[in-house]
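# Coordinates in review
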Amino acid sequence: MQIEHLEYLIDLSQTKSFSKTAKKYYTTHQSISYGINHLEKAFGVKILNRTNHGISFTEAGNIVLEFAKSVLNTKADYEQKILPYKESITLSLSGHFDI
């Protein structure tokens, strides 16, 4: 399971559109669909109902969506807690350049 797949799922819950989510993440409709299929296999449940009129979440999909939100919120919380301990990396360039 990849974090980006969980992000796709959350975005799909807001946009209800594979195309809009793909555009936001600078990827293709197929990549978003692959991510959702991967989540469905990982959880062993159908997450989305796909129709010509859009998408809707299944009951199990709503539970997976809540899980995705929880994971991403927890990730963000721990990233903030870790921030003071991150090392600052400085990159310096020196030398002679001919143009």
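The notes below deal with the structure included here. (Residues numbered from 1 in each chain as written. Predicted model: local features only at pLDDT ≥ 70, side-chain atom pairs only at ≥ 80, totals over all residues. Heavy atoms only, no water.)

Between helix α1 (residues 3-15) and helix α3 (residues 29-43), the least distance of the axes is 9 Å, while the angle of their chain directions is 105 degrees. Judged on the interaxial angle alone, α3 and α1 are roughly perpendicular. Residues His5, Leu6, Tyr8, Leu9 and Leu12 of α1 form the contact with α3, whose own contacting residues are Ser31, Ile32, Tyr34, Gly35, Ile36, His38 and Leu39. (Axes fitted to C-alpha atoms, helices over the stretch in contact; angles between N-to-C directions. Helix = DSSP H or I, 4+ residues; strand = E, 2+ residues; numbered from the N terminus. Parallel < 35°, antiparallel > 145°, perpendicular 65-115°, else oblique. Contact = heavy atoms within 4.5 Å.)

An ideal rise of 1.5 Å per residue puts 21 Å on 15 residues; α3 measures up with 21 Å between its terminal C-alpha atoms. A positive phi of about 75 degrees marks Gly44, the residue just after α3. (Expected span 1.5 Å × (residues − 1).)

We now examine the pairing of strand β1 (residues 48-51). As paired strands, β1 and strand β2 (residues 54-57) are joined by four bridges and run antiparallel to one another. By the bridge assignment, Arg50 is partnered in β2 with Ile55. Counting the residues between successive antiparallel strands, the hairpin from β1 to β2 contains two residues. (Pairing = 2+ DSSP bridges.)

Membership of the largest hydrophobic core comes to 18 residues, with the highest contact counts inside it found for Leu9, Leu12, Phe18, Ile36, Ile47 and Leu48. Of all elements in the fold, only α1, α2 (18-24), α3, β2 and α4 (59-82) reach the threshold of two or more residues within this core. When residues in this core are grouped by element, the largest group, five residues, is from α1. In this view, Leu12 contacts Ser17, Phe18, Thr21, Ile32, Ile36, Leu48, Ile55 and Phe57; residues no more than four positions away in its chain are not counted. (Core = buried A, V, L, I, M, F, W, Y, C linked by side-chain atoms within 4.5 Å. Buried < 20%, exposed > 50% of the residue type's maximum accessible area, 1.4 Å probe, protein only.)

Further remarks concern a nonpolar patch on the surface. Together, Met1, Phe43 and Phe67 line one region of the surface with nonpolar side chains, adding up to about 270 Å² of accessible area. Within the secondary structure layout, Phe43 lies in helix α3. Residue Phe43 is classed as partly exposed on the basis of its relative accessible area, which comes to 30%. (Patch = residues over 30% accessible without salt bridge, like charges linked within 9 Å, V, L, I, M, F, W, Y side chains within 5 Å. Areas by Shrake-Rupley, 256 points an atom, 1.4 Å probe, with all protein chains shown as cover. Salt bridge = Lys/Arg side-chain N within 4 Å of Asp/Glu carboxyl O.)

Another aspect to go through is unusual backbone geometry. Backbone geometry at Lys16 places phi at a positive 60 degrees, although glycine is not the residue there. With respect to the element layout, Lys16 can be found in the loop between α1 and α2. Classification of Lys16 by relative accessible area gives partly exposed; the value is 41%. For Tyr26, which is not glycine, the phi dihedral falls at a positive 50 degrees. With respect to the helices, strands and loops of the structure, Tyr26 is situated in the loop between α2 and α3.

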